[in-house]
Amino acid sequence: MDMLNFVKSVVDAGQLQILAYLVMANLILGVIAAVAKDTFELNRLKDFWKRVVMVFGSYLAVSLASKAMADLEVMRTSVWVALLAFLVAQIVGNLKELGLPLPDKISKFIERK
């Protein structure tokens, strides 16, 4: 079995696709926000890519573990939900940086980080 087919057998393609879209949205909005605030630094992108590796690496690791032990399937779903929450919070934070008015509850939650 080649590597691509192995990965396809381990991960949920729909979940992986959603994570990829959110990562790209986070990158695009983060760059736009940094350029708009005149704080863009090219070398800060390496920090972003470390987070990308963390997101996909943790999802892949848990997916592999859940493939080996069916009892861990709920763990894969939990990690996926946690990663979604992390990425959505990052995107909302970038939207706030761009000046988008947010409801008070969301603004307070984002400021707590």
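Just above, that's the structure.
Summarised in this report is the structure supplied together with it. (Residues numbered from 1 in each chain as written. Predicted model: local features only at pLDDT ≥ 70, side-chain atom pairs only at ≥ 80, totals over all residues. Heavy atoms only, no water.)

Considerations on the overall build of the chain
To keep it simple, the criterion reads: Secondary structure elements follow DSSP: runs of H or I of four or more residues count as helices, runs of E of two or more count as strands, with numbering from the N terminus. We call a residue buried when its accessible area falls under 20% of the maximum for its residue type, exposed when it is over 50%, and partly exposed in between, using a 1.4 Å probe and counting protein chains only. The contact rule is simple, with two residues in contact once any of their heavy atoms fall within 4.5 Å. Here, Shrake-Rupley sampling with a 1.4 Å probe gives the accessible areas, and only protein chains in the shown set may cover a residue. A residue counts as positive if it is Lys or Arg and as negative if it is Asp or Glu; His and the chain ends are not included. Note on charges: their place is set at NZ of Lys, CZ of Arg, CG of Asp or CD of Glu.
Of the regular secondary structure elements, the chain holds 5 helices and 0 strands. Secondary structure elements of the chain, listed N to C terminal, follow the sequence α-α-α-α-α. Structurally, the chain occupies a C-alpha span of about 50 × 30 × 20 Å along its principal axes. A buried classification covers 27% of the 113 residues belonging to the chain. Sequence-distant contacts in the chain: of pairs separated by 6 or more residues, those separated by 24 or more amount to 68%. Accessible area for the chain stands at about 7700 Å²; split by element, carbon and sulfur atoms hold 67% of it. Charge-centre separation for the chain: the mean point of 13 positive side chains lies 3 Å from the mean point of 10 negative side chains.

Focus: unusual backbone geometry
With phi around 60°, Asp 38 is a residue other than glycine that occupies positive phi space. Relative to the elements of secondary structure, Asp 38 occurs in the loop between α2 (13-36) and α3 (45-68).

A look at the side chain of Asn 94
Going by this rule: In the analysis that follows, any N or O atom pair within 3.5 Å is treated as a polar contact, provided that within protein one partner can donate a hydrogen and the other can accept it, and provided that, for residues neighboring in sequence, both atoms belong to side chains.
Here Asn 94 is to be found in helix α4 (residues 73-97). Only 2.8 Å separates the side chain of Asn 94 from the side chain of Asn 26, close enough to count as a polar contact. Those residues in contact with Asn 94 that sit more than four places away from it in its chain are Asn 26, Leu 29, Gly 30 and Ala 33.

Some remarks on empty space enclosed by the protein
Once rolled over the atoms, a probe with the size of a water molecule shows which space is left empty. Under the convention used in this document: In this analysis a 1.4 Å probe is tested at points of a 1 Å grid over the protein atoms alone, and where it fits but cannot get out there is a cavity; an open set with protein on both sides within 12 Å along at least five of seven lines is a pocket; lining residues have an atom within 4 Å of a point. Grid points are joined across faces, edges and corners, and a volume is the space filled by probe spheres set on the points. Asp, Glu, Lys and Arg are counted as charged, while Ala, Val, Leu, Ile, Met, Phe, Trp, Tyr, Cys and Pro are counted as nonpolar; the rest, among them Gly, fall into the polar class.
Tallied over the entire structure, the rule returns 1 cavity of 30 Å³ or more. Of the pockets and cavities examined, the largest cavity occupies roughly 40 Å³. What lines the largest cavity is Val 23, Asn 26, Phe 48, Arg 51, Val 52, Val 55, Phe 86 and Leu 87. Elements that contribute at least two residues to the lining of the largest cavity include exactly α2, α3 and α4. Here the lining of the largest cavity gets 4 residues from one element, more than from any other, and that element is α3. Considering only residue class, the lining of the largest cavity consists of 6 nonpolar, 1 polar and 1 charged.

Side note on the packing of α2 against α3
Cut-off, in case you're wondering: Convention adopted: a line fitted to C-alpha atoms gives each axis, helices being fitted over their contacting stretch, and angles between N-to-C directions are expressed from 0 to 180 degrees. Any angle that is under 35 degrees is reported as roughly parallel, and any over 145 degrees as roughly antiparallel; angles of 65 to 115 degrees are reported as roughly perpendicular and all others as oblique. Crossings are assigned a handedness: left-handed for a near helix turned anticlockwise from the far helix by less than a right angle, right-handed for a clockwise turn.
Packing of α2 against α3 brings their axes to within 11 Å, and their N-to-C directions diverge by 165°. Comparing their axes, α3 and α2 come out roughly antiparallel. Where α2 crosses over α3, the handedness of that crossing is right-handed. Counting all contacts with α2, which are made through Gln 15, Leu 16, Leu 19, Ala 20, Val 23, Asn 26, Leu 27 and Val 31, the residues of α3 involved are Leu 45, Phe 48, Trp 49, Val 52, Val 55, Phe 56 and Tyr 59. A breakdown of the residues in the contact of α2 with α3 according to their chemical character gives 13 nonpolar, 2 polar and no charged.

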